[in-house]
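Working through the structure, step by step
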Amino acid sequence: MLILSSSGFSTTQVRLKIGEIIADKTGNMLIIPIASLLGMETAERERNCAAMLGFKKENIYIYDEFKPTELLNMKFSYIVVLGGHTLRLLSKVRELHLDEFIKDQVASGAIYLGFSAGAYLACDDIEYVKNYDRNDGFINDGNFHALGFTNKYVLCHFDYRDEEDIQLCRLYIGDDVELITLNNDQLIKL
């Protein structure tokens, strides 16, 4: 199962909707905060908000990119990829070999929760995100292939966007694929 949103547990509407979708909150959760330079701070806030839903705080782990292999031998029921700079996220996921780890966890039954940049990461090819996040040397090989969990595409933070943004995305993804717009208080379950 995929849950994709513009916002995370710290947004009340999103948190409550996630609580309705995920009945069993007893498993281990891994929060991956590497898309943002303030990732660890944000991850702590997200951990606390997830605990408000009934996830056991002692079962919520935060990935530390400076200890990249520390948690990779564990099995997780929930993989949460936080927002920030999408292309930095894709670059770091590859550099730290988290792409295969995340795919293996999801293939073994973990629920993937992607918030903003994490939602984009679930898509197939995310070159269209260059419209919103400058590349700044993160992706130098022209390969914008992400996790590929869905053949649908998302456009996060649609509260601040309009039809012109949809057309900009369509220049990259084409007209034949589904583009789902998500306001900050919305999510989609796939």
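Summary of the structure given here. Just so it is clear, the model here is predicted, and its values are computed rather than measured.

**Focus on the pattern of salt bridges**
A complete count under the given rule lists eight salt bridges for this structure. E65 is paired through a salt bridge with K92; the nearest N and O atoms lie 3.0 Å apart. With E65 in the loop between strand 3 (60-62) and strand 4 (78-81) and K92 in helix 3 (residues 86-95), the pair connects residues that are 27 residues apart, well separated along the chain. When its relative accessible area of 18% is taken as the criterion, E65 is described as buried. What makes K92 buried here is its relative accessible area of 16%.

**Topic: the layout of surface pockets**
In this structure, the largest pocket spans a volume of roughly 170 Å³. Of all the elements, helix 2 (residues 39-52) adds the most residues to the lining of the largest pocket, at three residues.

**Structural notes on the side chain of R170**
Relative to the helices and strands, R170 resides in helix 6 (residues 163-173). Although R170 is buried, it makes no salt bridge; D175 carries the closest opposite charge, 4.2 Å away. Those residues in contact with R170, other than ones at most four positions away along the chain, are D175, V177, E178 and L179.

Rules and cut-offs
Residues numbered from 1 in each chain as written. Predicted model: local features only at pLDDT ≥ 70, side-chain atom pairs only at ≥ 80, totals over all residues. Heavy atoms only, no water. Salt bridge = Lys/Arg side-chain N within 4 Å of Asp/Glu carboxyl O. Helix = DSSP H or I, 4+ residues; strand = E, 2+ residues; numbered from the N terminus. Buried < 20%, exposed > 50% of the residue type's maximum accessible area, 1.4 Å probe, protein only. 1 Å grid on protein atoms, 1.4 Å probe; cavity = no way out; pocket = protein on both sides within 12 Å on 5 of 7 lines; lining within 4 Å. Points joined across faces, edges and corners; volume = space filled by probe spheres on them. Lys, Arg positive; Asp, Glu negative; His and termini not counted. Contact = heavy atoms within 4.5 Å.

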